Amino acid sequence: MAITKLSGSSLTNINKYDSFLAGNAAYDPGAYYLIERVTVGSGGSSTITFNSIASTYKHLQVRYVSRNTTALDSFLIRFNSDTGSTYARHKLSGDGATASAGATTATTYMASADYPTGTSTFGAGVIDVLDYANTNKYKTMRVLAGYDANGSGLIDFRSNLWQSTSAVTRIDITSNSNSFAQYSSFALYGIKGA
Amino acid sequence: MADTPTKVPLATTTLGSSVASYTFSSIPSTYTDLILVAWIAPTLGTGTSIMAVKLNSDTTNYSGTGLLGTGTAVQSSRYTGLSGLPIAGYNNGSGTGNINIICHFQNYSNTTTYKTMIARADNASFQTEASVGLWRKTPEAINSIQIYNYGGVNLTAGSTFTLYGIL
């Protein structure tokens, strides 16, 4: 390759930028953000709380694994510390033998699938809270959750309703009896809209 | 609270030809959950109409509970003693209807607990369903996921599989 002299006078029409990203496609970090994760320690925990949730996302998602310290148990889920009869629930469940459906209205909490006890067996779930920051509509929660314990189990579809137009800023997930056992883990994600 | 982008596509493939199974291997342990998204083209074979996943090539230690609706009936089933985790049923040999599947492998990389998977599967010409599965092998991180037909029918060309990691 021939070597030629490069002089300042040969460089013309040069654009100068302060950022190395200039001229490149915009950096897109994706639409899915971890807001907070809570993992239960050896002492157990009766309630998991996500507080001061910003309204900057379109939807929320809670992903969890859970085990009870003592027995098969259920969840109580509430928004914004509201303990009034402002909630409603529907579910479609399968226990390995029978499919069933149920509904509860004017109730004081929302729910996910029951979760097990046992040394190494955990329930799992994905909870979506849609349009959680919209102040013009009630809030709907969608749940896919269950557990299997090699001979027993449960799989649930659920929908939960909070009859409030307030933005969701706090989520409390409480074990109905006893506590969430060690290694139970709950993670809150924010999903951005267009 | 932190604000960290967390959903990462790890690998994706569209089958160029019919194969017995497809495997995501060498899955890193750096995420919290895995999400498998599958679009499976209709098969032309016959046999057991169950799609399943096998973890770390293990052929035992699986059980599951399922719930499905066919349009005229709803039912729940239990699986024990299988060589994989069932994730979807479908109509082998019909040549119509594809299956859309989403599987969540929660806390997949921990070495302390059994692994629980929850899945949703839809085949508009056959059934819609959900399932939960348990892998009871002595706890180890999931480092490979094999998707296959429990009855040995090949996966059809054009089927698409994508694996995401969730931090």
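Note: the structure precedes this text.
Now for a description of the structure that goes with this document. Small disclaimer: the values here were computed from a predicted structure and weren't measured.

## A look at the sheet that holds strand 13 (residues 160-166) of chain B
Residue and element names in this part refer to chain B. If you trace the 8 strands from one edge of the open sheet to the other, you get 2-13-4-9-10-11-6-7, paired in antiparallel fashion. Two strands bound the open sheet, and with one partner strand each, they are strand 2 (7-14) and strand 7 (74-82). Strand after strand, the sheet turns through a mean of 15° between neighbouring axes, direction not considered. As paired strands, strand 4 (residues 33-40) and strand 9 (residues 99-105) are joined by 7 bridges and run antiparallel to one another. Looking at the pairing, A38 lines up with I101 of strand 9.

## Considerations on the layout of surface pockets
Gaps left between atoms are located by rolling a probe of water-molecule size over the structure's atoms. One number sums up the size of the largest pocket: a volume of about 410 Å³. Lining the largest pocket are 21 residues, and of these D128(A), R142(A), I102(B), H104(B) and R120(B) lie nearest its centre. Sorting the residues of the lining of the largest pocket by element identifies strand 3 (59-66), strand 7 (123-130) and strand 8 (139-148) of chain A together with strand 4, strand 9 and strand 10 (115-123) of chain B as the ones contributing at least two each. Its residues assigned to classes, the lining of the largest pocket shows 12 nonpolar, 3 polar and 6 charged. The computed volume of the second largest pocket comes to approximately 150 Å³. Surrounding the second largest pocket, 16 residues form its lining, L68(B), Y79(B), G89(B), Q127(B) and E129(B) being those nearest its centre. Elements with a contribution of two residues or more to the lining of the second largest pocket: strand 6 (62-69), strand 7, strand 8 (85-89) and strand 11 (127-135) of chain B. Of the residues belonging to the lining of the second largest pocket, the class tally is 9 nonpolar, 6 polar and 1 charged.

## A few points about the interface of chain A and chain B
Facing 43 residues of chain A, the contacting portion of chain B comprises 41 residues. Summed over both sides, the interface between chain A and chain B buries roughly 3300 Å², with carbon and sulfur atoms accounting for 62% of that surface. The largest per-residue losses of area from chain A upon contact with chain B belong to R63(A), D148(A) and I155(A), which jointly make up 19% of the total buried on that side. Along the contact surface separating chain A from chain B lie 1 salt bridge. Here R63(A) and D33(B) are joined by a salt bridge, their closest N and O atoms 2.7 Å apart. Inspection of the chain A/chain B interface yields 21 residue pairs in polar contact (both at pLDDT 80 or more). Only strand 1 (32-39), strand 3, strand 5 (87-94), strand 7, strand 8 and strand 9 (153-162) of chain A provide two or more residues apiece to the side of chain A that touches chain B. With 6 residues, the single largest contributor to the side of chain A that touches chain B is strand 1 of chain A. Looking at the side of chain A that touches chain B residue by residue, the class counts come to 23 nonpolar, 15 polar and 5 charged.

Calculation rules
- Residues numbered from 1 in each chain as written.
- Chains lettered and ligands numbered in written order.
- Predicted model: local features only at pLDDT ≥ 70, side-chain atom pairs only at ≥ 80, totals over all residues.
- Heavy atoms only, no water.
- Pairing = 2+ DSSP bridges.
- Helix = DSSP H or I, 4+ residues; strand = E, 2+ residues; numbered from the N terminus.
- Axes fitted to C-alpha atoms, helices over the stretch in contact; angles between N-to-C directions.
- 1 Å grid on protein atoms, 1.4 Å probe; cavity = no way out; pocket = protein on both sides within 12 Å on 5 of 7 lines; lining within 4 Å.
- Points joined across faces, edges and corners; volume = space filled by probe spheres on them.
- Nonpolar A, V, L, I, M, F, W, Y, C, P; charged D, E, K, R; others polar.
- Contact = heavy atoms within 4.5 Å.
- Buried area = accessible area lost by both parts, 1.4 Å probe.
- Salt bridge = Lys/Arg side-chain N within 4 Å of Asp/Glu carboxyl O.
- Polar contact = N/O pair within 3.5 Å; in protein donor to acceptor, adjacent residues only side chain to side chain.

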